[in-house]
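# Inside the fold
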Amino acid sequence: MIHPVRCIVLAAFVFVVFLVWVPEGVCQPVPATISVDTSARGAAVPSTLWGIFFEEINRAGDGGLYAEMLQNRAFRDAPADPVGWKIEQAPAARVTAAIDAAVPLNAGIPSSLRLSVEDGGGARVALVNEGFKGCRLSGKQDTPAAVAKWLPAFRTAAAKSTDGLALRSGVVYRLVVYVRADEEFSADGPSLTASLEKRDGTVLASQPLEGIAGEWKRLAVVLAPASDATDARLVLSVPPSGKGTLRIGFVSLFPSDTFKGRENGMRPDLAGMLASMHPGFLRFPGGSFIEGQTLATAYRWKETIGPVEERPGHWQIWGYRSSDGLGFHEYLQLCEDLGAEPVYDANCGMAEKEFAPVDSLQPWIDDAVDAVAYANDPVDTKWGALRARNGHPTPFGLKYVEIGNENGLSFPWGGGSKAEYRERYLPFYRALKAKDPGLHLIATANIAAPGVPVDILDEHYYDTPEWFLQNATRYDRYPRNGPRIFVGEYAVTKGIPVASGSTLKAAVCEAAFMIGMERNADLVSMSCYAPLFINPAWRGWSPNAIVFDAARAFGSPSWQVQKLFGENRTDSLLETKVQCAANDALASASSSSGSGNPEAVNPSRGAASGKPLPVLHAVAGVRNGEIVVKIVNASAAPIDAAIPLPPGAGRAIVLTSDSPDDMNSFEQPDKVAPREEPVPACGKDYRRLLPPWSLTVLVVRPSSG
Ligand code: AHR
């Protein structure tokens, strides 16, 4: 017989061996218990808890969500170079093309493209646009001098023999051209013909542009391609007989099937992905985009409304010019179409590296207050009338305004100190509350103090997977007598490979952090992952939620997590306890240094502490009589979890994959995607095996409910 003491020692030895062994090989399930108290409702969960953040970065808008298909539609993307356009002509032709300020289109677009054909050389002269073909961006570069870096890279990308406009047969494409001719221009037949052509020359659709005259004319035609294409080009061609000078001020091509059929609207596939996230709000339009590095490149919403062919656009911080076609009005309209609260981020007179003097803030304050007036005032007011003229008489109901972006944080790259922010924030706060005391105003730094009211505080986190696990409990410890929290930007950006999208591991660790936010929904009222979109041909930041090119799109694992949380909201919390004795051993298996981020374009925000990482996370709540339990296993071992629940049935949605490093791609868009399975019966003995590196959402309807 074995002595009891020996028995205990042996058992302890076996347990230690188990803990050490688990991380190495094929893992044994580790026991755990997740207890959900269904007897009492906890805090209410705000409908704004899960939202989205849109910023013009990585061609998220122009060349992305905004459905305009032509790059450089106003010939303003570079000062003297019609980037995005090329002239094709016969070898013997004598043709010149240049951007020319002598004949502006209007006050907003103070130049046009002069196309002079002395001799067509027996063939057509074609002005060709192949859409947003991309160029590698790096970091922030908002000065016009950045064009010097941008142009050569763009030309290389534009010369690529693949890609182009993505066309779908069955969809019609609306072309608008602002054009005029010099008096002496002559041609047999139409002076200009618009066609959609494949790279091999196949003409998919063609229409003459009739009515060109000696003054600016807006000519509109509809092009209906005969078949699909992903390498198409818009061709505006002067016939072989054409001679003289044409001036072209603005050329726009939109699909007819924009999201919700809006004119000047959004790409339906990308906006559809946003809709499928059920966002509670949309924060816009940035980000650093609203700041600029200098005030000259800051976002000014008043220049982003009205007819698109009159919007000047502007150089912006992420290294390319924004057409501002996706302007203030379109953002508000998108919020309405998504059923999301608008959260407008206003520049508070602070660019990253330049601040308006405190005694010269008034124009910036007026901009913020007038933005609220434009969104909300009745139609018999100045701004309400303008909104109505722009197509939306009903107020949009803007309730949230953020004062600045990342100001007052003393970042090495700028944005000002707390003191510099506070003295600008306060007059904004007072003016906005005077405009509407019901507005929820958001500060970007924790400056709350007597006499410095902060309704909501925006916090941003970009860090390692481990940081997100460690900080899943951060809001458990926050005081409840301060501002509510808006986690306005967050993502795992370090310790994972540099790529357009994220990995499963990153997504699972973000999910753990989200569980922490949901558990603290009495304090954390809003959150959104960042950035939202990337066209990989224009990468200025990684990773991102949604990756697209002209024809395709896929969600990263992080997007899948965001979507799962948005789809599986709760209205109120149920107290949830997690017990996992082997947590520390699992944790050591989970914290790897990752593959690093040698090309990191993202600023460093500090590192995780050395404490053991919690790997099992859960939160539960109720919605429409269903119990929703979200569970993260952020370890390499499966966890065998006892989850006692009331008798009932439902479903489990599980997001996992073979490896924590798995990503999605254009070729494998659903490699990391949730799988749903029925839960035919559950009750007090219910157990689930939680796969390694997984998010499980359990939705159960109690049979008595
Ligand atoms: O999300 C990318 C950038 O990160 C945002 O523009 C800025 O607010 C933050 O630094």
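Let us look at the structure shown here. As the structure is a prediction and not an experimental result, all values here were calculated from the model. (Residues numbered from 1 in each chain as written. Predicted model: local features only at pLDDT ≥ 70, side-chain atom pairs only at ≥ 80, totals over all residues. Heavy atoms only, no water.)

### Some thoughts on the sheet that holds strand S4 (residues 94–100)
Note the cut-off: If DSSP finds at least two bridges between two strands, the strands pair. Helix and strand definitions here come from DSSP, where helices need a minimum of 4 consecutive H or I residues and strands a minimum of 2 consecutive E residues; each element is numbered from the N-terminal end. Axes here refer to lines fitted to C-alpha atoms; in helices the fit is confined to the stretch in contact. Angles between the N-to-C directions go from 0 to 180 degrees.
As summarised here, the arrangement of the five strands in space is S4-S5-S13-S8-S11, forming an open sheet in which the pairing is antiparallel. Edge positions in the sheet fall to S4 and strand S11 (217–223), since each has one partner strand and no second. Pairwise comparison of adjacent strand axes, ignoring direction, gives a mean angle of 30° for this sheet. Direction of pairing for strand S8 (residues 173–181) relative to S11: antiparallel, over a ladder of seven bridges. Residue pairing for S11: Val179 is matched across the bridge by Lys217.

### With respect to the sheet that holds strand S23 (residues 533–534)
Taken together, the three strands give an open sheet; going across it, the order is S23-S24-S25, and neighbouring strands pair in mixed fashion. Unpaired on one side and paired on the other, S23 and strand S25 (553–555) mark the two borders of the sheet. Two strands pair when backbone bridges link them, and S23 and strand S24 (residues 546–548) are joined in this way by two bridges, in the parallel orientation. Its bridge partner being in S24, Phe533 is matched across the sheet by Ile546.

### As for the pattern of salt bridges
Put simply, the test is: In what follows, salt bridge is the name for a side-chain nitrogen of Lys or Arg lying within 4 Å of a carboxyl oxygen of Asp or Glu. Each residue is assigned to one of three classes by its accessible area relative to the maximum for its type, calculated with a 1.4 Å probe on protein chains only: buried under 20%, partly exposed between the two thresholds, exposed over 50%.
Applying the stated criterion across every chain, the model contains 45 salt bridges. Arg124 is the partner of Glu197 in a salt bridge, and the nearest nitrogen-oxygen pair spans 2.8 Å. On the criterion of sequence distance, the pair formed by Glu197 in strand S9 (residues 193–197) and Arg124 in the loop between strand S5 (112–119) and strand S6 (125–129) is long-range, its members being 73 residues apart. Owing to a relative accessible area of 4%, Glu197 belongs among the buried residues under this scheme. Among the ionic pairs, Arg283 bridges to Glu489, the shortest N-O distance being 3.0 Å. Highlighted residues: Arg283 in strand S14 (residues 281–284) and Glu489 in strand S21 (residues 484–492), separated in sequence by 206 residues. Across the pair, Glu489 and Arg283 agree in class, each one buried.

### Comments concerning the packing of aromatic side chains
Ring pairs (aromatic) are described by centroid distance and by the angle formed between their planes. Threshold: Aromatic contacts are taken between Phe, Tyr and Trp rings whose centres are within 6.5 Å, Trp giving its six-membered ring; a plane angle under 30 degrees counts as stacked, one over 60 as edge-to-face, and the others as tilted.
Taken as a whole, this structure holds 34 aromatic pairs when the rule is applied. Pairing Tyr421 with Tyr425 gives two aromatic rings, centres 5.5 Å apart and planes at 50°, and the pair type is tilted. Residue Tyr421 and its partner Tyr425 are both found in helix H8 (residues 418–435); the two are separated by four residues, about one turn of the helix. For the residue pair Tyr421 and Tyr425, the accessibility class agrees, reading buried in each case. Centroid distance Phe554 to Phe666: 5.1 Å. Interplanar angle 90°. Geometry classified as edge-to-face. Here Phe554 is found in strand S25, whereas its partner Phe666 is found in the loop between strand S30 (648–655) and strand S31 (675–682), with 112 residues between them in sequence.

### A few points about the environment of Leu574
The condition is simple: Two residues qualify as a contact provided that any one of their heavy atoms is within 4.5 Å of a heavy atom in the partner residue.
The topology assignment puts Leu574 in strand S26 (residues 572–579). For the pair Leu574 and Val36, spaced 538 residues apart in the sequence, the C-alpha separation amounts to 6.4 Å. If we ignore the near neighbours within four places in the chain, the residues touching Leu574 are Val36, Asp37, Thr38, Ala40, Arg41, Ala620, Gly621, Val622 and Ile627.

### Some details on the packing of helix H10 (residues 504–519) against helix H11 (residues 557–567)
What counts here: For classification purposes, an angle smaller than 35 degrees is called roughly parallel, one larger than 145 roughly antiparallel, one from 65 to 115 roughly perpendicular, and anything else oblique. In a left-handed crossing the near helix is turned counterclockwise from the far helix by less than a right angle, and in a right-handed crossing that turn is clockwise. In the scheme used here, Gly and all other residues not listed as nonpolar or charged are polar, with Ala, Val, Leu, Ile, Met, Phe, Trp, Tyr, Cys and Pro taken as nonpolar and Asp, Glu, Lys and Arg as charged.
Running from N to C, H10 and H11 point in directions that differ by 30°, and their axes come no closer than 8 Å. Judged by the angle between their axes, H10 and H11 are roughly parallel. Relative to H11, the crossing made by H10 is right-handed. Across the interface between the two elements, Leu504, Ala507, Glu510, Ala511, Met514, Ile515 and Glu518 of H10 pack against Pro557, Ser558, Val561, Gln562 and Phe565 of H11. In terms of residue class, the contact of H10 with H11 is built from eight nonpolar, two polar and two charged.

### Focus on the state of the cysteines
Here is the rule: Disulfides are defined in this document as cysteine sulfur pairs within 2.5 Å.
All chains considered together, the criterion is met by zero disulfides. For the unlinked cysteine Cys348, the closest cysteine sulfur is that of Cys528, found at 18 Å.

### Some details on H8
Condition: Expected helix span is computed as 1.5 Å times (number of residues minus one).
Taking 1.5 Å per residue as the helical rise, H8 with its 18 residues ought to reach 26 Å, and the 25 Å between its terminal C-alpha atoms agrees with that figure. Taken as a whole, H8 has its buried residues at Tyr421, Arg424, Tyr425, Leu426, Phe428, Tyr429, Leu432 and Lys433. The elements touched by buried residues of H8 are helix H6 (362–376), strand S18 (400–403) and strand S19 (440–443).

### Description of the site of the ligand
Heads up, the condition is: We define proximity as follows: a residue is near a molecule or strand when any one of its heavy atoms falls within 4 Å of that partner. What qualifies as a polar contact is a pair of N or O atoms within 3.5 Å, subject to a donor-acceptor requirement within protein and to the restriction that residues adjacent in sequence count only when both atoms come from side chains. Using a 1.4 Å probe, accessible areas were evaluated by the Shrake-Rupley method; residue-level cover was limited to the displayed protein chains.
In the neighbourhood of the ligand, twelve residues make up the surrounding shell, with Glu55, Ser288, Glu406, Tyr462 and Glu489 lying closest. Glu406 places a polar side-chain atom, nitrogen or oxygen, 2.8 Å from an oxygen atom of the ligand. Summarising the interface, the protein chains cover 100% of the accessible area of the ligand, which totals 280 Å² for the free molecule. Of the residues contributing to the shell around the ligand, the split by class is five nonpolar, three polar and four charged.

### Structural notes on the pairing of S18
Residues Tyr400 and Glu402 line one face of S18 and the alternating positions Val401 and Ile403 line the opposite face, and both faces are buried. Where strand S17 (residues 341–346) meets S18, four bridges bridge the pair, whose relative direction is parallel. Among the inter-strand pairings, Asp345 is bridged to a residue of S18, identified as Glu402. Note that S18 and S19 share three bridges and pair parallel. Looking at S19, one finds that Glu402 is bridged to Ile442.

### Some points on the pairing of strand S32 (residues 687–690)
Side chains Arg688 and Leu690 project from S32 onto a buried face, and the interleaved Arg687 and Leu689 project onto a face without burial. Note that strand S29 (residues 639–642) and S32 share four bridges and pair antiparallel. Following the sheet pairing, Ile639 is matched in S32 by Leu690.

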